[in-house]
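Breakdown of the fold
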Amino acid sequence: VAEDGVAHLDLAEDLAAAASHGLAAGAKATSRVLSDGTYATQVTSFDAPGPASHAAGAKAGFQSSPNIRALLLSCDYFLGTVVASTYTKLVLKLMRLGDPEANRACAEAMLYIVSLLRLSSSRAPPGLVAHPLDADSCKMLNMCLGVLSDPESRETVAGTLLSACGEAFSELVREKSAADSSEALAGDKKKDGVAAVQADDLIDFSHLKNTSGMSQIEIEDSAQSDLQRAAGGAAEDGRGSGLSANLLNKVVQLTGFSDPVYAEAFLTVHQYDIGLDVSVTNRSSETLQNLSLELATMGDLKLVERPASVTLAPGAESTLRANIKVSSTETGVIFGNILYDSASASLDRTVVVLNDIHIDIMDYIAPAQCSDNAFRSMWAEFEWENKVVVNTTIPDTASFLRHIVETTNMKCLTPVSALEGDCGYLAANLYTRSVFGEDALVNISIEKQQKEGKLCGYVRIRSKTQGIALSLGDKITLKQKSLEA
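Keep in mind it's a predicted model, so treat the numbers as computed, not measured.

This next bit is on the nonpolar core. The tendency in soluble globular proteins is for nonpolar side chains to be buried as a group. One finds Ile274, Leu276, Val278, Val280, Leu291 and Ile338 to be the most contacted residues of the largest nonpolar core, which totals 29 residues. Contributing elements (two or more residues each) for this core: β4 (261–270), β5 (273–282), β6 (288–298), β7 (301–305), β8 (310–312), β9 (317–326) and β10 (333–341). When near neighbours in sequence (up to four residues on either side) are disregarded, Leu276 contacts Ala265, Phe266, Leu267, Leu295, Leu320, Arg321, Ala322 and Ile357. Residues Met410, Ala440, Ile468 and Leu472 belong to the second largest nonpolar core, which totals 24 residues.

In structure tokens, the structure reads:
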């Protein structure tokens, strides 16, 4: 905006001003003094400046303009919408005061907004306009222009622009500050309340124990279990029976009760490793010799060590241990069989096929915090997307969102105030991070149908790797049916 109050945002005027700084086509003669003291005439010829030189000259002229003007002419359309919105609010306040200059100010504001709309559509040389006007900025500029040009809509929207927008932004800032303060306070309490080493901690001399045939993970687990038994078997989180129920959920039945060998496995997850304890029981009346457990994996799982063979008498029981290495967040599958020799069998070994063991992805992901800018940046960057159709019996949108958050170990990034009310439509962003540093983004967009009363929509999952996107999609598809799933 110039000092005389007239808008000069028309690109044609700026191009003409920038072109006046260019050089005319032709030749230019200058006198130079040579090294021997004589004079010589140097003739420099050049071509007429094309569109590229006009654009360069215009940009050079823009850089010498005031800051806001230079940014607007460099196609910063977001700043243009801010300027238009601010100018519109100032004009509305001036009209409320009954100032006689209000109509003139309104006309000038409309001129500025129209000039901003013409900026990207001007006939400029190639390379001068960096990118066209985006749809959101165009909609905002047209809304401001419509408010100023229509007296009826001006009275209707004035209250929203002057008061409601400011109140909504203030509420958003307060919620953000409260969330940051609560997280910082929780972090400080966690640091202050938990001691690194307790005064009565058990000193475990692992070198004095018989650790033959045990891995380092099994040694650490045995020390922890000894400490827990010494404390009376109390759970660390104080839930007691809740922890026992959680441990029972990790027991997987591998064979049937009618099989000659009954087997069940207990999974222990240690971030990058999985401890597999397989309990085998001889339910036959014969001695089973050279009983071995053969395992294979599918996915990013690798079998580190194979369990040794054992001999089981009738009714005897034994535990076979195996360690599996995990390299990424992906739903892996462990399958295998049990082989043994018996006196009544033929020369071939007897094989008992085991049920598959599916590794739950929830053991490797945890809720994490992410800013809105980082979420948008990762959403545009990640190439793997899994789109899940919503098919559920849950009646309302808020309950469906809470159910997905609880069953997927994700954090809802959308503020609570944005989720209040019951409008029949909900859109929320979720975020989680795995122990391997993999990010997973989820966008939930659901709507309640008026006639049938059912929820419809999509759950979109994006990640850098394919495994976590597919695994989260399978988990959501399995758990979204109902609250009891």
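So, on to the packing of helix α11 (residues 397–408) against helix α12 (residues 466–479). Between α11 and α12, whose axes approach to 10 Å, the crossing angle comes to 130°. Accordingly, the angle class assigned to the pair α11 and α12 is oblique. In the packing of α11 onto α12, the handedness of the crossing is right-handed. Between α11 and α12, the residues in contact are His403, Ile404, Thr407 and Thr408 and Leu472, Lys475, Ile476 and Lys479, respectively. Tallied by class, residues from the contact of α11 with α12 come to three nonpolar, three polar and two charged.

On to helix α6 (residues 135–149). Across its 15 residues, α6 extends 21 Å between first and last C-alpha, which sits within 8% of the 21 Å expected from 1.5 Å per residue. Every buried residue of α6 is accounted for by Ser137, Leu141, Cys144, Leu145, Val147 and Leu148. Taken around the axis of α6, the buried residues stretch over an arc of 160°, which confines them to a single face. Exposed residues pointing more than 90 degrees away from the buried face of α6 are listed as Ala135, Asp136 and Lys139. Where α6 starts, the residue carrying a side-chain oxygen 3.4 Å from the main-chain nitrogen of Asp136 turns out to be Asp134.

Here Glu330 is to be found in the loop between β9 and β10. Looking at Glu330, the relative accessible area reads 28%, which means it is partly exposed. Counting along the chain gives 135 residues from Glu330 to Thr465, while the straight-line C-alpha distance between them is 9.5 Å. Beyond its immediate sequence surroundings of up to four residues, Glu330 is in contact with Asp300, Gly467 and Ser471.

About the criteria used
- Residues numbered from 1 in each chain as written.
- Predicted model: local features only at pLDDT ≥ 70, side-chain atom pairs only at ≥ 80, totals over all residues.
- Heavy atoms only, no water.
- Core = buried A, V, L, I, M, F, W, Y, C linked by side-chain atoms within 4.5 Å.
- Buried < 20%, exposed > 50% of the residue type's maximum accessible area, 1.4 Å probe, protein only.
- Helix = DSSP H or I, 4+ residues; strand = E, 2+ residues; numbered from the N terminus.
- Contact = heavy atoms within 4.5 Å.
- Axes fitted to C-alpha atoms, helices over the stretch in contact; angles between N-to-C directions.
- Parallel < 35°, antiparallel > 145°, perpendicular 65-115°, else oblique.
- Left-handed = near helix turned anticlockwise from the far one by under 90°.
- Nonpolar A, V, L, I, M, F, W, Y, C, P; charged D, E, K, R; others polar.
- Expected span 1.5 Å × (residues − 1).
- Arc of directions from axis to C-beta.
- Polar contact = N/O pair within 3.5 Å; in protein donor to acceptor, adjacent residues only side chain to side chain.

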